[in-house]
Amino acid sequence: MLERVALAILINLEAFGYDGEDGRTNVLGLTLSRADYSSLTGTTYETIIRMLAELERIELISLENKEIRILDEKGLRRLIADASNKPVRKTKIKT
């Protein structure tokens, strides 16, 4: 789930870039609501809040009011890449 939230943040960054006003480097150019992130990732609002807090705890982002500042863009990309390299767990189907 953390990877999906990181991906949503990077999609936002690719689409709208950084704000750049008044020396506010690394703040996303468009502030999406937590509900928008929830829709993008297919999860609940509450989960988004927890995942953003976790990304902040591991110092990949910083939450400033409703805005998101990216502290480690490479770290976000690495998180997604590491998740995509995990083997898919096989499930047994009962017949």
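Residues numbered from 1 in each chain as written. Predicted model: local features only at pLDDT ≥ 70, side-chain atom pairs only at ≥ 80, totals over all residues. Heavy atoms only, no water.

Before going further, it helps to spend a moment on the pairing of strand E2 (residues 67–70). Here E2 shows a buried face lined by Ile68 and Ile70 and an unburied face lined by Glu67 and Arg69. In this structure, strand E1 (residues 61–64) lies alongside E2, joined through four bridges in antiparallel fashion. Its bridge partner lying in E2, Glu64 is registered against Glu67. Taking the residues between adjacent antiparallel strands as the criterion, E1 and E2 are bridged by two residues, where Asn65 takes a positive phi near 60°. (Buried < 20%, exposed > 50% of the residue type's maximum accessible area, 1.4 Å probe, protein only. Helix = DSSP H or I, 4+ residues; strand = E, 2+ residues; numbered from the N terminus. Pairing = 2+ DSSP bridges.)

A separate point is the pattern of salt bridges. Scanning all chains against the criterion turns up four salt bridges. With a closest N to O distance of 2.9 Å, Arg77 and Glu73 form a salt bridge. With Arg77 and Glu73 both in helix H4 (residues 73–84) and four residues apart, this pair spans about one turn of that helix. With relative accessibility at 36%, the residue Arg77 sits in the partly exposed group. One continuous salt-bridge network, built from bridges that share partners, spans Glu14, Glu73 and Arg77. (Salt bridge = Lys/Arg side-chain N within 4 Å of Asp/Glu carboxyl O.)

As a rule of thumb, soluble globular proteins bury nonpolar side chains together. Counting 20 residues, the largest nonpolar core has Ile9, Tyr37, Leu55 and Leu76 as the members making the most contacts within it. Secondary structure elements with two or more residues in this core: helix H1 (2–16), helix H3 (45–57), E2 and H4. When sequence neighbours within four positions are dropped, the list of residues in contact with Ile9 reads Leu28, Tyr37, Leu52, Leu55, Ile61, Ile68, Ile70 and Leu76. (Core = buried A, V, L, I, M, F, W, Y, C linked by side-chain atoms within 4.5 Å. Contact = heavy atoms within 4.5 Å.)

Time to look at the confidence of the model for the protein chain. Looking at the protein chain, pLDDT values average 87 and 85% of them are 70 or higher. Taken element by element, the predicted model of the protein chain shows its lowest mean pLDDT in H4 (91) and its highest in H3 (96). (pLDDT = per-residue confidence, 0-100.)

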